[in-house]
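Coordinates in review
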Amino acid sequence: MTNHLHLLLRVGEKGLSRGMQGVLGGYARFWNRRHGHAGHLFRNRFSMVDVATERHLLAAARYIDLNPVRAGMTADPEGWEWSSYRSHVGLDHGPRFLSLAEFLPLFGSTPAKARSAYLRFVKNGSGLVSDTDFEPPLA
């Protein structure tokens, strides 16, 4: 996205603030050095929403993967290289921090079934605009 990002994270006991400070501050320092800028890169502090149920987790993942489509930045989620969607459906290998081993079993008993089910789940939700809209992912 051009002006924000979405992360779906499992937060540990120490919370999120220090980690986000490191990630966003580190990126801002990198950006400023690379482009000869100084000062703040991000205007607002991060915000977060607790995901307390599996249902909300699935809807949030779909919402994030469809965000660039809704913003008109790509025609489909496969076209957005900065998303985990391509890894979730087997088009790319995920980075080490992406928890495919935890995520895919939510959609099927084998990686192939799970990838196919997640692809359908995302495609069936293309008209939804909320991270809490939901219909079951598996047929």
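Residues numbered from 1 in each chain as written. Predicted model: local features only at pLDDT ≥ 70, side-chain atom pairs only at ≥ 80, totals over all residues. Heavy atoms only, no water.

**Here's the deal with the overall build of the protein chain**
Broken down by element type, the protein chain carries 5 helices and 0 strands. The linear arrangement of helices and strands in the protein chain, starting from the amino end, is α-α-α-α-α. For the protein chain, the proportion of its 139 residues judged to be buried stands at 27%. Across the protein chain, the fraction of contacts at a sequence separation of at least 24, relative to all contacts at a separation of at least 6, is 55%. Surface exposure of the protein chain reaches about 9,900 Å², of which carbon and sulfur atoms provide 54%. (Helix = DSSP H or I, 4+ residues; strand = E, 2+ residues; numbered from the N terminus. Buried < 20%, exposed > 50% of the residue type's maximum accessible area, 1.4 Å probe, protein only. Contact = heavy atoms within 4.5 Å. Areas by Shrake-Rupley, 256 points an atom, 1.4 Å probe, with all protein chains shown as cover.)

**Things to note about the layout of surface pockets**
What the second largest pocket holds in volume is close to 280 Å³. Lining the second largest pocket are 15 residues, with Leu24, Gly25, Ala28, His40 and Phe42 positioned closest to its centre. Across the lining of the second largest pocket, the residue classes break down as 6 nonpolar, 6 polar and 3 charged. (1 Å grid on protein atoms, 1.4 Å probe; cavity = no way out; pocket = protein on both sides within 12 Å on 5 of 7 lines; lining within 4 Å. Points joined across faces, edges and corners; volume = space filled by probe spheres on them. Nonpolar A, V, L, I, M, F, W, Y, C, P; charged D, E, K, R; others polar.)

**A look at helix α2 (residues 54-70)**
For the α-helix, the turn length of 3.6 residues means that residues three or four positions removed from each other point alike. Helix length check: α2, at 17 residues, gives a terminal C-alpha distance of 24 Å against a target of 24 Å (1.5 Å per residue), a fit within 8%. Roughly 30 degrees is the biggest bend found in α2, and it falls at Ile64, with proline Pro68 one to four residues downstream. Looking at α2, one finds that the buried residues are His56, Leu58, Ala59, Ala60, Ala61, Arg62, Asp65, Leu66, Asn67 and Pro68. Those residues of α2 that are buried are in contact with α3 (85-88), α4 (100-103) and α5 (111-124). The positive-phi residue at the C-terminal boundary of α2 is Gly72, with phi of around 75 degrees. (Expected span 1.5 Å × (residues − 1). Bend = angle between axes of the 7 residues up to and from the residue.)

**Here we look at α5**
Its 14 residues give α5 an end-to-end C-alpha distance of 20 Å, which sits within 8% of 20 Å, the value for a rise of 1.5 Å per residue. Taken as a whole, α5 has its buried residues at Ala114, Ala117, Tyr118, Phe121 and Val122. The buried residues of α5 occupy one face: seen down the axis, they fall within an arc of 135 degrees. Facing away from the buried side of α5 by over 90 degrees, the exposed positions are Ala112, Lys113 and Asn124. (Arc of directions from axis to C-beta.)

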